[in-house]
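Take a look at the letters that make up each chain.
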Amino acid sequence: MERIIFLEEGADLDALSSAYGVLLLYPDSKLFKPKYLSKRASEVFKDFIHLFRTVEELPEEFELVLTDTYHYQEYLEKYRDRIKSIRIYDHHPIKREGIEGKLEPVGSATTLVVEELMEREIDISPESATILSLGIYEDTGFLTYEGTTPRDAKALAWLLERGAKLDVARKYLSETLSKEQIDMLSKHLQSIESYFLNGKRVVIVVIRSEEYQSEVLRILYDLKEVRESSAFFAIVSAGQKTYVFGRSLKGEFDVSSVLERIGGGGHTFASATKLEGIDAQRVKSIVLSLIKGERVLLKIEDIMSYPVFVLHQDMKVRDAILELSQRNFAGAPVIDDSGRVVGIVYKKNLLKASKHYPERQVKDFMMGDFHSLSPEDFVWKAEDILSHYGEKLIPVLKDEKLVGVVTRLDLLQGIKAQTYELKAYERRIKLPPHVEEISREVGKMAKELNFRVYLVGGVVRDLLLGKKVWDLDFVVEGDAIKLSKRLAEKYGVSEHAFPEFGTAHIKIGDIKLEFATTRRETYPHPGAYPLVEYASLKEDLLRRDFTINAMAVSVNEEDMGTLIDYFGGLRDLKDRIIRVLHPLSFVEDPVRILRSLRFAGRLGFKLSKSTERLLKSAVSLELLLSAPKGRLMNEFRLALREERIIEILELYKKYQVMGQVIKGFQWHPSLEDGLLKLRGIVAWHRIEFPKEAIDYGWVYLLFLLKEMKTNQVLPLLQSMSAPSWVRKVFIEVVKDFKSVQMALRKAFKSSDVYKALKGRPLAFLLLLMTVDDIKDRVKLYLEKLRFVRVEPKEFVGLKGKELGKAIEDKKLELMDETYALEKI
């Protein structure tokens with residue numbers, strides 16, 4: 001059976017060298033050609049590719065071989081029926097049943113492979129010895145890193161005896177930093193912080209980029225803060241994955257004791273793990289809490305609800321509804337006579353069934369296909385299930401026995417606990433004069449009331465983008481209405497308070513100010529209006545949608561102008577990325593699906609890879625259909641007001657959301673082409689007739705809806721609170737759009753065009769201009785024909801209808817004389 005070696009994305013030199021060693025050990029082995037390696041490994045692979053046996057297609061059956069990693073689960077999931085055995089060479093040991101190979105605590109994985117070459121007395125060439133030496137040199141820092149063992153030195157000595165070239169090692173392993181490496185570090189380094197624990201200095205570094213670069217770890221070793229620490233943890237967020245590395249530099253701190261808690265492997269000096277779908281800042285908070293020895297809610301058993309309320313599969317529907325209603329539960333596991341979980345049932349489904357089948361049994365309406373969890377699973381496995389499959393309740397089984405359930409609320413509370421220790425990135429920013437003036441006054445009054453107050457959300461984002469802002473949103477750690485009232489009294493303006501929400505609005509000159517008490521929000525079910533409670537600034541920011549909207553600026557006297565960024569919003573703003581704050585964001589509030597696309601379209605940003613994955617999952621679960629219609633339509637209206645509405649609609653198409661927003665809507669190529677034409681038409685009209693400008697977003701919507709049926713569109717427009725003129729234009733489009741086109745095509749004279757278009761609403765005319773062969777005729781009407789005038793004094797003695805008809809006839813005659821009509 002063939003042995004196939006896989007290298008992880010971004011694999012380093014140690015992984016490549018040890019993989020090459022496996023090729024020497026087993027003549028039947030082959031390397032699955034890697035798509036992406038670290039910069040160093042890529043250079044070596046390119047220069048020595050003639051020595052590597054590679055394949056691009058896999059055999060039907062093979063032994064999986066991994067080097068410098070023990071993460072084999074993703075390969076098993078992808079090639080489960082083809083992998084017959086697993087062999088691993090890794091120097092980050094972890095207990096795994098049924099795994100062959102070597103998992104031992106040495107400085108380099110290549111050392112383990114070289115030892116096996118030594119034991120078998122396999123002769124190798126100087127070129128092969130050189131390739132193998134590169135892996136040991138890199139991962140041990142030329143035998144200087146803590147964690148290096150005598151075994152690494154012996155393996156290297158054996159390679160030198162066989163002709164390993166030191167000049168080649170120097171060529172590939174130069175310790176100087178390149179400009180690209182310095183740029184990479186400065187661009188993606190999000191934070192580097194030191195913590196003193198029991199006299200030991202531990203450094204945590206967070207790096208965030210869209211692509212993983214394995215050489216980042218070596219670069220970090222050269223940082224002064226890292227070299228002088230007892231240990232450091234590097235948290236590298238790349239796309240959907242977060243890589244966590246722990247290194248002990250003086251033998252004073254056991255890094256494996258920390259990373260083993262989150263699924264990592266290794267030893268005292270070096271440990272690592274790879275997580276998926278978990279934000280780097282959240283991982284940082286978890287690592288910091290573990291370093292401090294604090295309790296962290298990591299396992300399902302830490303957050304699950306128990307004892308569990310269950311329903312029997314034979315219970316009648318009406319009785320089950322009563323049981324769930326009395327306990328205010330949305331659903332429950334369903335068991336059989338033996339106590340085995342056979343399904344999940346939700347009250348919403350039972351209520352629908354009860355209209356016709358109240359006496360039927362629960363098992364007839366339960367979900368028989370469901371996911372389950374073990375108490376030992378990590379909480380992010382439950383988050384993945386909820387965000388990908390939309391299950392609102394997940395049973396927890398131990399030895400097939402029901403021991404608990406996990407709900408969305410359980411997970412959100414766990415996420416909140418894990419982000420509690422987050423430390424904000426802070427820096428001073430310069431506020432525009434008009435913003436600074438009013439903000440200082442707000443801060444002064446807040447101090448008198450013993451409150452703290454901050455600018456938050458979109459205004460902070462726009463200030464950092466250099467945009468002019470006149471709408472200021474403040475959150476108050478205190479009583480927002482009291483502060484707003486005092487400010488209104490000082491400036492002699494009216495205050496509009498909303499006590500039930502803890503908010504108030506005032507306007508001072510051209511500046512609109514909104515005050516809100518810091519709060520947390522919970523959502524009873526996907527898309528519901530939130531339940532509001534008072535909370536801290538951090539919790540208030542945590543409830544927001546995206547990192548770029550979750551920053552604050554202090555306007556308090558002692559730290560005026562200080563940016564507060566817990567979640568990497570400033571970095572995402574610089575990288576032009578939209579990123580949700582936690583994996584259940586779209587499940588918690590599906591309206592954020594549209595919001596994310598609106599911001600991406602408006603700003604020209606991209607969704608982060610993890611956010612894109614979560615959004616696609618939420619759309620596939622049709623979560624938008626469960627969102628309150630009012631909130632959904634309000635968000636859709638906001639999109640129609642955007643200048644870059646075409647870009648937003650293109651994103652709607654790309655992510656297939658329109659069918660869930662507008663029932664019965666379907667994209668087709670003519671719509672895409674027509675929208676681009678309409679953008680040009682709108683731009684032309686806006687410039688040529690600025691005084692006639694209308695809310696063009698509705699025109700774009702009318703264009704999208706013009707082929708749909710009246711009984712589909714009118715209820716939609718009503719739910720959107722569309723202006724009456726929009727509904728009238730749509731009715732006119734349905735009734736006359738095609739007949740007017742026909743009349744324009746048959747027109748022989750300019751007066752015929754005038755007669756066909758006279759009295760038609762402007763939006764109707766702009767829509768007609770998207771039809772290529774009649775566009776110029778509509779344009780002629782808008783630019784010329786409708787402005788033709790005749791003086792009444794030319795018709796002496798005529799009055800009333802006779803005068804009106806004479807004037808109109810003269811206008812038509814004048815049009816035909818002045819503006820010749822080109823043939824279509």
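Residues numbered from 1 in each chain as written. Predicted model: local features only at pLDDT ≥ 70, side-chain atom pairs only at ≥ 80, totals over all residues. Heavy atoms only, no water.

K.L.:
So what's going on with the overall build of the protein? Residues and values would help.
P.N.:
For the protein, the helix and strand inventory stands at 36 helices and 29 strands. Along the first, second and third principal axes, the C-alpha atoms of the protein reach 120 × 65 × 65 Å. Going through the 824 residues of the protein one by one, you find that 56% of them count as buried. Across the protein, the fraction of contacts at a sequence separation of at least 24, relative to all contacts at a separation of at least 6, is 66%. Summing over all exposed atoms, the protein offers an accessible surface of approximately 37800 Å²; the carbon and sulfur share of this is 50%. Looking at charge distribution, the protein has the averaged site of its 128 positive side-chain charges lying 6 Å from that of its 125 negative ones. (Helix = DSSP H or I, 4+ residues; strand = E, 2+ residues; numbered from the N terminus. Buried < 20%, exposed > 50% of the residue type's maximum accessible area, 1.4 Å probe, protein only. Contact = heavy atoms within 4.5 Å. Areas by Shrake-Rupley, 256 points an atom, 1.4 Å probe, with all protein chains shown as cover. Lys, Arg positive; Asp, Glu negative; His and termini not counted. Charge placed at Lys NZ, Arg CZ, Asp CG, Glu CD.)

K.L.:
Describe the packing of helix α24 (residues 591-603) against helix α27 (residues 645-654), listing the residues and the values that go with them.
P.N.:
Packing of α24 against α27 brings their axes to within 8 Å, and their N-to-C directions diverge by 135°. With respect to α27, the element α24 is oriented oblique. The handedness of the crossing between α24 and α27 is right-handed. Note on element contacts: α27 touches α24 through Glu 647, Ile 648, Leu 651 and Tyr 652, opposite Leu 594, Leu 597, Arg 598, Ala 600, Gly 601 and Arg 602. For the contact of α24 with α27, a count of residues per class yields six nonpolar, one polar and three charged. (Axes fitted to C-alpha atoms, helices over the stretch in contact; angles between N-to-C directions. Parallel < 35°, antiparallel > 145°, perpendicular 65-115°, else oblique. Left-handed = near helix turned anticlockwise from the far one by under 90°. Nonpolar A, V, L, I, M, F, W, Y, C, P; charged D, E, K, R; others polar.)

K.L.:
If you had to explain the sheet that holds strand β11 (residues 265-266) to someone new, which residues and values would you point to?
P.N.:
Strand order in this open sheet of six strands is β7-β8-β9-β10-β12-β11, and the pairing throughout is mixed. In this open sheet, the two strands that pair with only one neighbour each are β7 (189-197) and β11. Alignment of β7 against strand β8 (residues 200-209), held across eight bridges, turns out to be antiparallel. Paired with Tyr 195 across the two strands is Val 202, which belongs to β8. Packed on one face of the sheet, helix α12 (residues 280-291) meets β7, β8, β9 (231-238), β10 (241-248) and β12 (270-276) and runs near 165° to β8. (Pairing = 2+ DSSP bridges.)

K.L.:
Lay out the packing of aromatic side chains with the relevant residues and their values.
P.N.:
Taken as a whole and assessed by the stated rule, the structure comprises 22 aromatic pairs. For the ring pair Phe 6 and Phe 62, a centre distance of 6.1 Å and an interplane angle of 35° mean the geometry is tilted. Highlighted residues: Phe 6 in strand β1 (residues 3-6) and Phe 62 in strand β4 (residues 62-67), separated in sequence by 56 residues. Classification of Phe 6 as buried rests on a relative accessible area of 4%. On the basis of relative accessible area, Phe 62 is assigned to the buried category, the value being 0%. Aromatic side chains Phe 737 and Phe 764 sit 5.7 Å apart centroid to centroid with 80° between the ring planes, which places their arrangement in the edge-to-face category. Of this pair, Phe 737 sits in helix α32 (residues 724-746) while Phe 764 is found in helix α34 (residues 762-768), placing the two residues 27 residues apart along the sequence. Both residues of the pair, Phe 737 and Phe 764, count as buried. (Phe/Tyr/Trp six-rings, centres within 6.5 Å; stacked < 30°, edge-to-face > 60°.)

K.L.:
How would you explain the pairing of strand β22 (residues 503-508) if you had to name every residue and give the values?
P.N.:
As paired elements, strand β21 (residues 495-498) and β22 share four bridges and run antiparallel to each other. Paired with His 496 across the bridge in β22 is His 505. Hairpin remark: β21 followed by β22, antiparallel, with four residues in the connecting loop; positive phi at Gly 502, about 70°. Taken together, the six bridges between β22 and strand β23 (residues 511-517) define a ladder with antiparallel strand orientation.

K.L.:
Residues and numbers for the environment of Ser 620, please.
P.N.:
Note on placement: Ser 620 falls in helix α25 (residues 609-620). Exposure remark for Ser 620: the relative accessible area of 54% places this residue in the exposed category. Between the C-alpha atom of Ser 620 and that of Tyr 655, which follows or precedes it by 35 residues, the distance is 9.6 Å.

K.L.:
Explain the sheet that holds β23 residue by residue, including any values.
P.N.:
One open sheet accounts for eight strands, arranged β18-β27-β26-β19-β20-β23-β22-β21; its pairing is mixed. Two strands close off the open sheet at either side, each with one partner strand: β18 (425-428) and β21. Taken pair by pair, the neighbouring strands of this sheet meet at an average axis angle of 25°, ignoring direction. Where strand β19 (residues 452-456) and strand β20 (residues 471-477) come together, four bridges link them in antiparallel fashion. Paired with Leu 455 across the strands is Phe 474, a residue of β20.

K.L.:
Quick rundown of the pattern of salt bridges? Include the residues and the values.
P.N.:
Enumeration according to the criterion identifies 62 salt bridges in this entry. Between Asp 47 and Lys 171 there is a salt bridge, with the nearest N and O atoms lying 4.0 Å from each other. Residue Asp 47 is found in helix α2 (residues 39-47), and its partner Lys 171 is found in helix α7 (residues 166-172); the two are separated by 124 residues along the sequence. Assessed through its relative accessible area of 38%, Asp 47 is described here as partly exposed. You can call Lys 171 exposed: its relative accessible area is 59%. (Salt bridge = Lys/Arg side-chain N within 4 Å of Asp/Glu carboxyl O.)

K.L.:
Help me get a handle on the packing of helix α29 (residues 669-688) against helix α30 (residues 696-705), residues and values and all.
P.N.:
With their axes 10 Å apart at the nearest point, α29 and α30 run at an angle of 155° to one another. One way to sum up the angle between α29 and α30 is to call them roughly antiparallel. α30 is crossed by α29, and the crossing has right-handed handedness. Residues Ser 670, Leu 671, Gly 674, Leu 675, Leu 678, Arg 679, Val 682, His 685 and Arg 686 of α29 pack against Tyr 696, Val 699, Tyr 700, Phe 703 and Leu 704 of α30. Its residues placed into classes, the contact of α29 with α30 shows nine nonpolar, three polar and two charged.

K.L.:
Can you tell me about helix α17 (residues 408-418), naming the residues and giving the values?
P.N.:
For α17, the full list of buried residues reads Arg 408, Asp 410, Leu 411, Leu 412, Gly 414, Ile 415 and Gln 418. Buried positions along α17 lie against α12, α13 (300-303), α16 (379-389), β17 (401-407) and α23 (585-588).

K.L.:
Can you break down a positive patch on the surface residue by residue, with the values?
P.N.:
There is a patch of like positive charges on the surface, built from Lys 348, Lys 352, Lys 355 and Lys 392. As for its placement among the helices and strands, Lys 392 is situated in the loop between α16 and β16 (393-398). (Patch = residues over 30% accessible without salt bridge, like charges linked within 9 Å, V, L, I, M, F, W, Y side chains within 5 Å.)

K.L.:
An account of helix α31 (residues 710-719) is needed here, citing residue identities and associated values.
P.N.:
Among all positions of α31, only Val 713, Leu 716 and Leu 717 are buried. One face of α31 carries all of its buried residues, which in axial projection span an arc of 95°. Among the exposed residues of α31, those pointing more than 90 degrees away from its buried face are Asn 711 and Gln 718. Of the surrounding secondary structure, the elements contacted by the buried residues of α31 are α26 (629-640), α28 (658-661), α30 and α32. Ser 721, located one to two residues past α31, shows a positive phi value of around 55°. (Arc of directions from axis to C-beta.)

K.L.:
Which residues make up unusual backbone geometry, and what values do they have?
P.N.:
Of the consecutive residues Tyr 306 and Pro 307, the connecting peptide bond is found in the cis state with omega at -5°. Its place among the elements puts Pro 307 in the loop between α13 and β13 (311-312). Located in the positive-phi region is Asp 68, a residue other than glycine, with phi close to 60°. Inspection of the secondary structure puts Asp 68 in the loop between β4 and α3 (73-79). On the basis of relative accessibility, which here comes to 15%, the residue Asp 68 falls in the buried class. Even without being glycine, Ser 721 reaches a positive phi, approximately 55°. Along the chain, Ser 721 turns up in the loop between α31 and α32.

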